[in-house]
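Chains, contacts and geometry: an overview
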Amino acid sequence: MTRFAPSPNGQLHLGHAFSALCAHDFARTFGGAFHLRIEDIDGTRSKPNHIEAIISDMDWLGLAPDEDAQFQSQNIGRYAAARDRLASAGLLYRCGCTRSDIAEALKHKAVPHGPDGPHYPGTCRTHPFDGNAPFSWRLDMAKACALAGSLTWTDLAAGQQYADPMAFGDVVLWRKDAPASYHLAATVDDAASGITHVVRGKDLFAYTAVHRLLQHLLDLPELVYWHHPLLLDSNGEKLAKSKSSPALSVRRWAGENGPELIDNLRQGTLMLGISLSDA
């Protein structure tokens with residue numbers, strides 16, 4: 001069972017279509033189910049009109065899921081239960097630091113850098129936060145990794161991998177401005193939905209180490225992954241909402257044939273200016 005899990009903080013683009021296609025065709029090839037999960041817990045950035053566009057785009061592409069779309073906003077209770085379990089095990093701590101607090105601390109303390117940039121400097125881990133201001137919950141990564149021991153995970157393209165969640169430092173698992181972080185919500189939802197194979201872009205490859213750690217800590221099933229190549233623009237950069245990559249809805253409104261577009265992607269026939277990253 002696979003899933004396509006977009007966030008409704010912008011419109012889908014061709015890169016999303018390719019990712020949805022990969023997850024859909026993987027499920028169909030092996031006789032599994034294909035799910036659509038709307039990750040709509042990104043505060044005010046999640047917009048109802050984007051949700052409507054996502055569902056319309058999927059229908060237009062001919063990649064409709066086997067069941068009605070699932071919504072993360074309906075699953076807050078399960079995320080809170082996972083948070084409380086980790087907190088009860090002494091693996092989380094409250095963090096009241098603002099971005100400016102962290103930036104100032106980093107001026108005076110050398111920290112490792114990972115896939116997401118410099119690690120959190122550990123301010124609230126070493127000086128517990130007990131104020132009344134909003135706070136997040138961070139994972140004490142060193143303590144969690146010591147408890148979990150050595151972990152591996154399997155990518156169908158890259159083979160067996162040794163998980164290195166320490167490369168991310170003390171990640172936020174529960175945010176000040178919204179509920180669960182991507183790491184916690186995606187991991188918990190994949191298990192609750194019975195997902196067996198996570199098909200997603202190579203840009204999320206490194207994050208799997210954190211998800212594998214959470215699977216272990218929460219006694220969730222270990223999944224199999226396939227991190228597919230990415231579609232790149234004329235500058236060799238991945239298509240992204242933040243770069244205003246052309247929306248699928250524009251193509252839909254212009255009368256393009258969605259299934260034909262998908263067939264072209266399936267056959268590797270890409271439009272001018274679009275290329276595929278290395279496998």
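Before reading further, recall that the structure is shown in the block above.
Residues numbered from 1 in each chain as written. Predicted model: local features only at pLDDT ≥ 70, side-chain atom pairs only at ≥ 80, totals over all residues. Heavy atoms only, no water.

**Details of the environment of Ala144**
Formally: Per the convention used, a helix needs a DSSP run of H or I reaching at least four residues, while a strand needs a run of E reaching at least two, with both numbered from the N terminus. Whether two residues are in contact is decided by their heavy atoms: any pair within 4.5 Å suffices.
Of note, Ala144 is situated in helix H6 (residues 141-148). For the pair Ala144 and Val199, spaced 55 residues apart in the sequence, the C-alpha separation amounts to 26 Å. In this structure, Ala144 is in contact with Leu91, Leu139, Leu213 and Leu217, ignoring residues within four places of it in sequence.

**Some details on the sheet that holds strand S4 (residues 92-95)**
Our working rule: A pair of strands is treated as paired once DSSP finds two or more bridges between them. Every axis corresponds to a line fitted to the C-alpha atoms, with the helix fit spanning only the stretch in contact, and the corresponding angles, defined between N-to-C directions, vary from 0 to 180 degrees.
Pairing within the open sheet is antiparallel, and its three strands lie in the order S4-S7-S10. Unpaired on one side and paired on the other, S4 and strand S10 (172-174) mark the two borders of the sheet. Strand-to-strand twist across the sheet, computed as the mean angle between neighbouring axes with direction ignored, equals 45°.

**Things to note about the side chain of Asp233**
This is how the line gets drawn: Residues adjacent in sequence count toward polar contacts only when both atoms are side-chain atoms; beyond that, a polar contact is any pair of N or O atoms within 3.5 Å, and within protein one must be able to donate a hydrogen and the other to accept it.
Along the chain, the position of Asp233 falls in the loop between strand S13 (231-232) and helix H9 (248-253). One polar contact links the side chain of Asp233 to the main-chain amide nitrogen of Asn235, over a distance of 2.9 Å. For Asp233, the contacting residues outside a window of four places in its chain are Leu239, Gly273, Ile274 and Ser275.

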